[in-house]
Structures are given as structure tokens and as C-alpha cells.
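Coordinate analysis (summary)
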Amino acid sequence: MSDTTSKTDHFLQAIEKYAEEQRTRMQSEAEVYKAKELNRAEEEGLKEAYVMIQRKMSEINNQISSELSQAESASKKKIFLRRKEIEEEVFAKAEKKLLAYTGTERYRAALAKSAAAIGEKLTADDVVLYVKKEDLNDEAQLRKSFGRNCQVVASHDIRIGGLIGLSRSMGLIADETLDTRLLEQHDWFCKNSGLKVTD
């Protein structure tokens, strides 16, 4: 019986050994499978996190770009408005000085000179000289400087001073007003003042 017991023991040991090997192999396969699944889940999680991070970064970049664009636009608008204020201040001071100048004898002489210059350009007999209302006091001097018979009429279009000559028969206008000269300086000022709003 000992031989049978020995064989049975061997057989049981072999079965146990085989069962142990199978269990170890299954545990090892389970560990490998578990590791693979964890790696796969980890990679998927990383991919999802990467996509989410990229989406968030894109949203943040878009928001920053939008805010920068708005800030830049607001800044340009502010600069443009300030430039406009400076321009208006400069031309308001210039107009004030020109108005003061129209009360001087130098202005009266310049007005007579302008009438003579218009008389040389407009040679027809139907010339009308337009002046601001206050300059009607110089009508006699203007006619004399013009050199021929002409009409002198007040114009509401002339605010600062100077005169405009008109000949309908010649179809010509000669503008010698301070108003027009000041207006022409706007373009020059914008080009040469250095007060530019650029991109």
C-alpha cells in the first residue's frame, strides 16, 4: 500500500504542482492583462486630458486675442480722439489769432492788396467782391484797390476775413479768404504734425 500511497502522493503532488503552475500562469496573465488595461486606460485618459488641455489653451488664446484686439482698438480710438482734440485746439487758436489780426491796419492793407490781385484776374465788368459784414466799412478802399467798378457785398460764408471775387460772365471765382487758407492748412497739418494713428 505504501507503493500506492506513494503513487497517489506523487499524483496529488503533480496535480497540486500543475494547479499551482496554472494558478501562477493565470495570475501572471491577469497581471499582464491588468497592466495592459491600465496602460490603455492611462493612454486614453492622457489623450482625453491632452485634447481637453488643447481645447482650453485654444479658448484662452482666442480670449486673449479678442481682449488684445479690443484693447488695441480702444487705445487707437483714444489716440485718434486725442489727436482730433489737439487739432481742434490748434485750429481754434489759429482762428482766434486770425480774428484778432482782422482788427489791425496790416489786415486792411492785405485786404486792399487782395482786391487788387482779384482785379487783375477777373477783368469783366460784373465782378462782385464778397466780404464779411464787418469789412463793409472798407468798401470805398476795396473798390479803389480793385481798380474798376465792382459791387461789394457782405457774405455769411466768410467768418474770419478776406474776400471772394466772382465774375459770372467769366465763370470764375477768386477766393482770397482767411477762412479758406486756414481750411487748406488742415491737410498740411495732418501730414506734417506727426500726430498720426497707424496700425
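Anything mentioned here points back to the structure above.
I will try to describe carefully the structure that is included in this document. These numbers come from a predicted model, not from an experiment. (Residues numbered from 1 in each chain as written. Predicted model: local features only at pLDDT ≥ 70, side-chain atom pairs only at ≥ 80, totals over all residues. Heavy atoms only, no water.)

**As for the side chain of Asp179**
With respect to the secondary-structure elements, Asp179 resides in helix H4 (residues 178-192). The buried charged residue Asp179 lacks any salt bridge partner; its closest oppositely charged side chain belongs to Arg159, at an N-O distance of 4.6 Å. Apart from residues no more than four positions distant in its own chain, Asp179 is found in contact with Asp157, Ile158, Arg159, Ile160 and Gly161. (Helix = DSSP H or I, 4+ residues; strand = E, 2+ residues; numbered from the N terminus. Buried < 20%, exposed > 50% of the residue type's maximum accessible area, 1.4 Å probe, protein only. Lys, Arg positive; Asp, Glu negative; His and termini not counted. Salt bridge = Lys/Arg side-chain N within 4 Å of Asp/Glu carboxyl O. Contact = heavy atoms within 4.5 Å.)

**Details of the sheet that holds strand S2 (residues 151-154)**
Overall, mixed pairing links the 4 strands, which are arranged S2-S1-S3-S4 in an open sheet. Strand pairing shows two members of the sheet lacking a second neighbour, S2 and strand S4 (172-177), which therefore form its edges. Neighbouring strand axes in the sheet, compared pairwise and without regard to direction, differ in orientation by 20° on average. Summarising the sheet, strand S1 (residues 128-131) and S2 pair through 4 bridges and their orientation is parallel. (Pairing = 2+ DSSP bridges. Axes fitted to C-alpha atoms, helices over the stretch in contact; angles between N-to-C directions.)

**Brief notes about the packing of helix H2 (residues 105-121) against helix H3 (residues 139-146)**
In the contact formed by H2 and H3, the axes pass within 7 Å of each other and the chain directions differ by 40°. Looking at the two axes, H2 sits oblique to H3. As for the relative orientation of H2 and H3, their crossing is right-handed in sense. Residue-level contacts link Leu111, Ala112, Ala115, Ala116, Ile118 and Gly119 of H2 to Gln141, Leu142, Ser145 and Phe146 of H3. Among the residues making up the contact of H2 with H3, the classes are represented as 7 nonpolar, 3 polar and no charged. (Parallel < 35°, antiparallel > 145°, perpendicular 65-115°, else oblique. Left-handed = near helix turned anticlockwise from the far one by under 90°. Nonpolar A, V, L, I, M, F, W, Y, C, P; charged D, E, K, R; others polar.)

**Topic: the packing of aromatic side chains**
Counted under the stated rule, the structure contains 1 aromatic pair. Relative to Tyr107, the ring of Tyr101 lies with its centre 5.6 Å away and its plane at 75°, an arrangement referred to as edge-to-face. The class of Tyr101 is partly exposed, set by a relative accessible area of 22%. Tyr107 sits in the buried class, given a relative accessible area of 2%. (Phe/Tyr/Trp six-rings, centres within 6.5 Å; stacked < 30°, edge-to-face > 60°.)

**Quick look at the pairing of S1**
Running through H3, the crossover from S1 to the neighbouring parallel element S2 is right-handed. For S1 and strand S3 (residues 162-167), the ladder comprises 4 bridges, and the chain directions are antiparallel. Of the residues in S3, the one forming a bridge with Tyr130 is Ile164. (Right-handed = clockwise from strand over helix to strand, strands pointing away.)

**Focus on the pattern of salt bridges**
Close approach of charged atoms lets side chains of opposite charge pair. In total, this model carries 8 salt bridges according to the counting rule given. Residues Arg82 and Glu85 are paired through a salt bridge, measuring 3.0 Å at the closest nitrogen-oxygen approach. Residue Arg82 and its partner Glu85 are both found in helix H1 (residues 2-101); the two are separated by 3 residues, about one turn of the helix. Take Glu85: its relative accessible area is 40%, and that puts it in the partly exposed class. Of the charged contacts in the structure, one is a salt bridge between Glu176 and Lys121, with a shortest N-O distance of 3.4 Å. Linking Glu176 in strand S4 with Lys121 in helix H2, this pair joins segments that are 55 residues apart in sequence. When its relative accessible area of 14% is taken as the criterion, Glu176 is described as buried.

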